[in-house]
Amino acid sequence: MAEIIVVTSGKGGVGKTTTSASIACGLARRGKRVVVIDFDIGLRNLDLIMGCERRVVYDFVNVIQGDCTLKQALIKDKRIETLYVLAASQTRDKDALTSEGVQRVLDELANDGFEYIICDSPAGIEKGAHLAMYFADRAVVVVNPEISSVRDSDRILGLLASKTSRAEKGNGGVKEHLLLTRYNPRRVASGEMLSVDDVKEILGLDVVGVVPESPDVLSASNAGLPVILNDDSDASHAYEDAVARLLGETVPLRFVAEPKKGFFARIFGS
Amino acid sequence: MGLLSLFRKAPSSARLAKERLRIIVAQERNARGSPDFLPLLRRELLEVIHKYVNVDPSAVQITLGNEDGHEVLELSVFLPEAQRGV
């Protein structure tokens, strides 16, 4: 039985693809059979973040339109044995994704023995975003501690609660999780940034992860290496914790408190 | 920074953000369950009312509620003082 997890946010640029890649890697590193799908038709990017852009021959839309088999389109990750990527198409045809097509591919992936299907949603609330969330069992809502991101996420929560298969069938709906990215504990402490608790309170969601703002995220995407695989990075540890929580483990939140300043730094500034 | 910052009270723009979000999110959640035609209905009603009475746009309120299992469309129009009893 495959579990379908959509990574979504409404607003663009908050870290959906970074999060999809890292969660997929994290689950696969624990031995799970994982496929991560790019739903951003026309603006393919997951392949770059995963570092497999030169190995894309067939894509998601090719499979839906029957130009190739699913097996031909799945790109096997070179680092983790149980991880596969399904790239988005670069077509400009907005209607390339169909509900029946997406369902057929998801069913086939589940039948092939994949345990987790991660759907990397495009920004916005158009068709791609709709189809990315429609068949989901769970949703990871990626939020920056910033006013427009929080508002857009709430809009997405409304759609998850009404425009998904689980919501329509009334079988408990989609389980939603909050994942904060670009979190800066220092700015939170000085009252310049919304805190985890603020965002949690406004959206009314449980927190599955808090990823601190880190230069490692950019270096990771530069290199095509999902940041979770950089074991020296705080962002990696934060994503690792998020994966553990998704799997039902109880892990205390890290990287939410301001690092302690020494006595001299406090007196003379930093 | 440095010595001065020990005494200066940090400005809390985060609190402002939270307040604004709380209000707008509550407002948008309220509107969420209601059918899409409500804003249009409100505008058209306002136009009709406007032909007879000079009311403020915010004076027309439409809410969709649920009473005893029935959906109730509630419309309230606040007439301006001078027009009353005309």
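Every value quoted in this text rests on a predicted model; they were computed, and no experiment measured them. (Residues numbered from 1 in each chain as written. Chains lettered and ligands numbered in written order. Predicted model: local features only at pLDDT ≥ 70, side-chain atom pairs only at ≥ 80, totals over all residues. Heavy atoms only, no water.)

**Student:** Residues and numbers for the pairing of strand β1 (residues 60-67) of chain B, please.
**Tutor:** Along a regular strand, successive side chains alternate from one face of the sheet to the other. All names here are of chain B. Inspection of the sheet shows β1 paired to strand β2 (residues 70-77) by eight bridges, in the antiparallel sense. Bridge assignment links Val 60 to a residue of β2, and that residue is Val 77. Here β1 folds back onto β2, and the loop between the two strands holds two residues, one of which, Asp 68, carries a positive phi near 50°. (Pairing = 2+ DSSP bridges. Helix = DSSP H or I, 4+ residues; strand = E, 2+ residues; numbered from the N terminus.)

**Student:** So what's going on with the packing of helix α1 (residues 16-29) of chain A against helix α12 (residues 234-246) of chain A? Residues and values would help.
**Tutor:** Residues and elements named next belong to chain A. Orientation of α1 relative to α12, taken along the N-to-C sense of each, is 65°, at an axis distance of 9 Å. Seen along the crossing, α1 lies across α12 with a hand that is right-handed. Only Tyr 239, Glu 240, Val 243 and Leu 246 of α12 make contact with α1, whose side of the interface consists of Thr 18, Thr 19, Ser 22, Ile 23, Gly 26, Leu 27 and Arg 29. Tallied by class, the residues present in the contact of α1 with α12 amount to five nonpolar, four polar and two charged. (Axes fitted to C-alpha atoms, helices over the stretch in contact; angles between N-to-C directions. Left-handed = near helix turned anticlockwise from the far one by under 90°. Contact = heavy atoms within 4.5 Å. Nonpolar A, V, L, I, M, F, W, Y, C, P; charged D, E, K, R; others polar.)

**Student:** Any chance you could break down the side chain of Ser 214 of chain A for me, citing the residues and the numbers?
**Tutor:** Residue and element names in this part refer to chain A. With respect to the helices and strands, the residue Ser 214 is situated in the loop between β8 (206-212) and α11 (215-223). For Ser 214, the side chain forms a polar contact with the main-chain nitrogen of Asp 216, separated by 3.0 Å. Discounting chain neighbours no more than four positions away, the residues touching Ser 214 are Ser 233 and Ala 235. (Polar contact = N/O pair within 3.5 Å; in protein donor to acceptor, adjacent residues only side chain to side chain.)

This is a description of form; function is not addressed.
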